[in-house]
Amino acid sequence: MDKKTIVAIDCGQAVTQAALFESVGLSLRLLGVATAPTTAGEPESGLSRGVIAALRQLEAKTDVALLDEHLRPLSAEDTPAAPHAWMVTTDSRGSVRVMVAGVIDDISGQSALKAAMGTGAAVADLLAINDGRLEHHRARDLRTNPVDLVLLAGGVDEGLYSGGGGRQVVHMARTIAMAHPRPRYNPRDRITVIFAGSAEARPDIARQLGDVADVVWADNVRPDLAIENTSGARRAILEAFRMRVVPRDSDYRGLEPFASTAQLTPTGMAVSGAVELLAGAWKSDVLFADIGEVTTSIYSVIDRQVNRTVTDEIGLNRGEVPDVGSLAQDAGAWLPMERSPGEVANILALQQLRPAAIPATWVELCIQQAAARERLRWSLDAHRQLVALLKGIHRQRNIDEVLGAYVAVGGQTLVDLSRIKYIVATGRLVREATHPGQVMGMVLDGLQPQGLTQVMADEGNMLPHLGAMAAVDSALAAETLAEGWLTRLGLVVAPVPRERGGPLFRRYGSRMARVRIERQDGTLVRETVDYGLVKRIPLPEEETVRVTVSPERGYNVGAGLGFSYTTAGGGVLGVVLDGRGRPIISPLNPARRRSRVATWLRAIGGYPDSLLAEAGHGEAN
Amino acid sequence: MAPICRRLVTAPNVTMRRERRLPLSGEILVRTGEAVNPETVVGYNSAEECLHILRLDVDESRVLAKLLRNVGDTVKRGEPVAYYMYFFGLGYREYVSPVNGTISSFDRSSGTMVIREHARPVTAGMYGVVEEVIEGHSVIVSARGALVEGTAGWGELAHGQLLVLADSPEQDLDAQRIGPHCRGKIVVAGALADSRALLAAYRHGARAVVAGGINKAEGDEFERFVADMSYEEYAARFYSSGHEIDVDNHGGLDRVTMTVLATDGFGRTPMRAEAFALLRAGEGREAYVDGGTGGPEGRLPEVAVTGPHPAQAGTPAAPAANEVCAAARCRMPCGLWGGLAEGMRVRVVSGPSRGRAGWIAAWGSDIVLETGHVTTGARLRLADGTEVDVPVANIEIVETGPAAG
């Protein structure tokens, strides 16, 4: 079979990563990886400077020639040893930045938001008639926020003007016209507005926006209040990114030759593709957490539907994220040593401003990972809000609702962690963690998995590359992902106490569940999950064990309160028994909290004893 | 190939191009090639759409409130425009203007009062020449002068004379040294300006404070404190040193602000020697400070001396438009990133050597950090002759050369 070499490049927010693969049939081998800072904003060369720096390093590591003397990519026509395929994904500066505008933020706004985030776009803001802002303040926010595109949605396809929706969406178009926004790549250009709203309103929208913007028509994201269709808007955003933004934005100048095999793709979209392939292979709902330097993306596949949300602290994406001061305050709860909130805030603020910097001390690393726990928590909350039943549906109440036994008004989240059997952590913080226990700690404390969950890590940050590959050769990408490119960290057992009716106070160390582990050599290991404690049962990395968990009354591990559940799993950390309940509640006393956190971190591993000893000898419970 | 690192400009003579953008569409008042000074208004936004609505109590199409201002009157933010007294004077409601503006209409049947916000002026903020005009949108002002790029900032554009209140880059700003002589000045500190010093500078009317480091929490708290401080509140709090602001000439801008800039980091961080020397050399000269804006697209925090030197009063310091070279068509004179080379002046942004500056002695070998992370490192020779190994990712190049112009 023919050998082929593939170069995949991902321009992240802070770091550009280039990877060289060799494929033989449906087998893929990684030859090398190199990184360089992402050079977004560089006036003459844009992103290509960072790409070339990464490729030069990759050449030195792999002894494979990738660039010619003019720093252009070598192709197989130039020399037989040259790479056969080149592909680029980009998340620098949020690849494509979109302003979303809708009529009602929970209805058309929410659907448009899903469409934009699903394309891998960064959402600058969400404007809606009911967002509480004055019209000219909306216009000012739109004008002062540098964006590439505006996505406007609102109104149903039929009977629009019989209600009030028609007037509202036209009113929003008028606000956009008042703002007269310009694209961030060239203020002399006209902005592109993608209208994914009512088909009936198109003539009015064209009349309002014709003078100030290029209007692109897309399928309505909410053709009916009960139907959501984001695919048309997603296609339109991707096409606008490739046809309008990339050729005109100086950042992408010189990048086209490196994306000769597949067109330039937003990283978020590439990862969504990889996530979809993996969920299909595992036949289960899955959750992916991309823990970046300044952004945290959550991807989920719920009932075969891929969802993506992004949150950050630099104002790039819309999200309820507190400022650094609050982040420092909250992150302090996850530190095993005493540090003032002011000191933590100084370190976190610098990490935000210089995201390419590497934590050089244990204290800096601990603070970065503690903040990642909080960022994961907020991101999951934002994800839960967005991945929810549609709002605005007119429905008749049934007898249960009339009697108050069952309430369903839309907006309930579809993300149920007890149904999610796989969690995958990826991103720069995963790549830079120096021990698998650190990644497991971030996932356990940040996402707080429930029941029995297999936790995995993409330590090489390969998902963007494999996602881009899926667009060219989906069979190769699917085969590769199934081959075990992900590191199995461990199987987490986390019984969840009943929400209502349980005891007000649980005794520290009281039994929550009994665990029976059948190893491959036939031996049995028995252990208990105890309240407030984290335990780890180490196993060889490649061993898959069969775990049966029998919860006590009032606890659930996925099969219902008190019912046993069996699954198979394992990983480098073995089986982790998390008895902290959900949500995790830390002691209020700072000394006791630090001591407790140190105990948890010691159980999972990954931090030196000298650091954990700083917690002092406070009471363990 | 040498690894690339971010550049931090600290140069005595560079050409700068800065955008001044209208917050809403409006009118640009200057033309290409025109010389501007910091007070020059380059444009106004259109006030046509900036409407604020007050709903007064009505009863059967009769307004219950008594009007204190009429249509066409100018009102200030917080000023009562009507009041309603009810229940024999025991109940009282006051309607105050949310903005500085003009009452444009009042509907007696519905009790709706519309206040049009004053048009907001955008000033040049620096000495220079207008290089480019995008009608209804923005202007590009180019100037030549000394530029010190900062790490973080709080607040808007501010200008004033430089006043150095530290003897060395390592010295903190002592609140005791701040007095009425700081009014209208840009106060330069050494390693740290804490919250006491910031408040002292603010109460004495300083336009800006520049220090090597500012505590993040204190900077944020100060920004929140200043954000809604109107002239009236400022005068009430700091009556002994309150300074006059001509509200009418500044449209809606009646807030008393002070910009804060950290040149080298958060917490106590000595200012890099080049920056301190440059600012000290410019003491007494007109400069501007920009706190920058957050986000990857935002303006970078910086302090620049673009004003005429006292000895050359009347001589425009701005370059002619044709002097602006192509390399300067960016936010920084020679790009954001530079290749590392031996002998290059750099500073460390993170880790045990945070805030220290030195020269590259060697680079390229792998180093193992205390966390176990293996990364490409560089060996720095510090000013005291010692050498330290730091990750290349944690280095910033201190760009001191006259890169353009």
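A. View of the pairing of strand S6 (residues 122–128) of chain A. Residues and elements named next belong to chain A. Buried residues dominate S6, accounting for 7 of its 7 residues. Relative to S6, strand S5 (residues 97–102) is paired through 6 bridges, and the arrangement is parallel. The partner of Ala 101 across the bridge, within S6, is Leu 127. Handedness of the crossover joining S5 and S6 through helix H2 (residues 105–118) is recorded here as right-handed.

B. Spatial organisation of the sheet that holds strand S3 (residues 27–37) of chain A. All names here are of chain A. Ordered in space as S3-S2-S1-S4-S10, the 5 strands form an open sheet in which the pairing is mixed. Of all the strands in the sheet, just S3 and strand S10 (265–266) have a single pairing partner and so form its edges. Where strand S1 (residues 3–11) lies against strand S4 (residues 85–90), 6 bridges are found, and the strand directions are parallel. Opposite Ile 6, over in S4, you have Ala 85 as the bridge partner.

C. A look at the interface of chain B and chain A. Listed as interface residues are 54 residues of chain B and, on the opposing side, 49 residues of chain A. Our enumeration of links across chain B and chain A arrives at 2 salt bridges. Put simply, Arg 188 of chain A and Glu 132 of chain B hold a salt bridge, and the shortest N to O gap is 3.2 Å. Viewed at the interface, chain A and chain B are joined by 15 residue pairs in polar contact (both at pLDDT 80 or more). For the side of chain B that touches chain A, the element with the highest residue contribution is strand S1 (residues 4–21) of chain B, accounting for 4 residues.

D. Representation of the pattern of salt bridges. By the definition in use, this model includes 52 salt bridges over all chains. Where Arg 339 of chain A meets Glu 343 of chain A, a salt bridge forms, and the shortest distance between an N and an O atom there is 3.5 Å. Take Glu 343 of chain A: its relative accessible area is 36%, and that puts it in the partly exposed class. Salt-bridge contacts for Asp 389 of chain B lead to Arg 379 of chain B; the nearest nitrogen and oxygen are separated by 2.8 Å. Placement of the pair is Asp 389 of chain B in strand S28 (residues 387–391) and Arg 379 of chain B in strand S27 (residues 374–382), with a sequence separation of 10 residues. The class for Asp 389 of chain B is partly exposed, based on a relative accessible area of 41%.

E. Structural detail: the sheet that holds strand S13 (residues 112–117) of chain B. All names here are of chain B. Taken together, the 4 strands give an open sheet; going across it, the order is S5-S13-S12-S9, and neighbouring strands pair in antiparallel fashion. Of all strands in the sheet, those bounded by a partner on one side alone are strand S5 (51–55) and strand S9 (74–75). Judged from the 6 bridges that link them, strand S12 (residues 101–107) and S13 form a sheet pairing that is antiparallel. Each bridged residue has a counterpart across the sheet, and for Gly 101 the counterpart in S13 is Glu 117.

F. Local environment of the nonpolar core. Met 440 and Leu 447 of chain A together with Leu 173, Tyr 202 and Met 258 of chain B are the most contacted members of the largest nonpolar core, which totals 94 residues. Counting residues per element, this core draws most heavily on helix H10 (residues 362–386) of chain A, which supplies 11 residues. In contact with Met 258 of chain B, not counting residues within four places along its chain, are Trp 154, Leu 198, Ala 201, Tyr 202, Ala 206, Arg 207, Ala 208, Val 209, Phe 222 and Val 226 of chain B. By size, the runner-up hydrophobic cluster in this structure holds 53 residues, among which are Ala 34, Tyr 185, Ala 218 and Ile 237 of chain A.

G. How the structure looks around the packing of aromatic side chains. In total, this model carries 13 aromatic pairs over all chains according to the counting rule given. With a centroid separation of 5.8 Å and an interplanar angle of 55 degrees, the aromatic rings of Phe 21 of chain A and Trp 485 of chain A are classed as tilted. Taken together, the positions of Phe 21 of chain A in strand S2 (residues 15–24) and Trp 485 of chain A in the loop between helix H15 (474–482) and strand S16 (487–494) put the pair 464 residues apart, joining distant regions of the chain. Three or more aromatic residues link up through ring pairs in this structure, and these residues are Tyr 202, Phe 222, Phe 225 and Tyr 234 of chain B. Against the face of Trp 359 of chain B rests Arg 345 of chain B, its NZ or CZ located 4.5 Å from the ring centre.

H. The arrangement of the packing of helix H8 (residues 324–331) of chain A against helix H9 (residues 341–353) of chain A in detail. All names here are of chain A. Two elements in contact, H8 and H9, have axes separated by 8 Å at closest approach and are oriented at 120 degrees. Classified by the angle their axes make, H8 and H9 are oblique. Every pair of crossing elements has a handedness; the one defined by H8 and H9 is right-handed. Listed contacts from H9 to Val 324, Leu 327, Ala 328 and Gln 329 of H8 are Pro 341, Val 344, Ala 345, Leu 348, Ala 349 and Gln 352. Among the residues making up the contact of H8 with H9, the classes are represented as 8 nonpolar, 2 polar and no charged.

I. Seen up close, helix H5 (residues 202–209) of chain A. Restricting attention to buried positions, one finds in H5 of chain A the residues Asp 204, Ile 205 and Leu 209 of chain A. The arc enclosing the buried residues of H5 of chain A, seen along the axis, measures out at 115 degrees, which places them on a common side.

J. Quick peek at the packing of H8 of chain A against H10 of chain A. Residue and element names in this part refer to chain A. Relative to each other, H8 and H10 sit at 110 degrees, their axes nearing to 8 Å. As judged from the angle between their axes, H8 and H10 are roughly perpendicular. Each of Leu 327, Asp 330 and Ala 331 in H8 lies in contact with H10, whose residues at this interface are Ala 370, Ala 371, Glu 374, Arg 375, Arg 377 and Trp 378. Of the residues in the contact of H8 with H10, the class split is 5 nonpolar, no polar and 4 charged.

K. Structural context of the environment of Val 129 of chain B. Residue and element names in this part refer to chain B. Assignment of secondary structure puts Val 129 in strand S15 (residues 128–134). Taking relative accessible area as the criterion, Val 129 reaches 8% and is therefore assigned buried. Separated by 15 residues in the primary sequence, Val 129 and Arg 144 have C-alpha atoms spaced 9.7 Å apart.

What counts and what doesn't
- Residues numbered from 1 in each chain as written.
- Chains lettered and ligands numbered in written order.
- Predicted model: local features only at pLDDT ≥ 70, side-chain atom pairs only at ≥ 80, totals over all residues.
- Heavy atoms only, no water.
- Buried < 20%, exposed > 50% of the residue type's maximum accessible area, 1.4 Å probe, protein only.
- Helix = DSSP H or I, 4+ residues; strand = E, 2+ residues; numbered from the N terminus.
- Pairing = 2+ DSSP bridges.
- Right-handed = clockwise from strand over helix to strand, strands pointing away.
- Contact = heavy atoms within 4.5 Å.
- Salt bridge = Lys/Arg side-chain N within 4 Å of Asp/Glu carboxyl O.
- Polar contact = N/O pair within 3.5 Å; in protein donor to acceptor, adjacent residues only side chain to side chain.
- Core = buried A, V, L, I, M, F, W, Y, C linked by side-chain atoms within 4.5 Å.
- Phe/Tyr/Trp six-rings, centres within 6.5 Å; stacked < 30°, edge-to-face > 60°.
- Lys NZ or Arg CZ within 6 Å of the ring centre and 35° of its normal.
- Axes fitted to C-alpha atoms, helices over the stretch in contact; angles between N-to-C directions.
- Parallel < 35°, antiparallel > 145°, perpendicular 65-115°, else oblique.
- Left-handed = near helix turned anticlockwise from the far one by under 90°.
- Nonpolar A, V, L, I, M, F, W, Y, C, P; charged D, E, K, R; others polar.
- Arc of directions from axis to C-beta.

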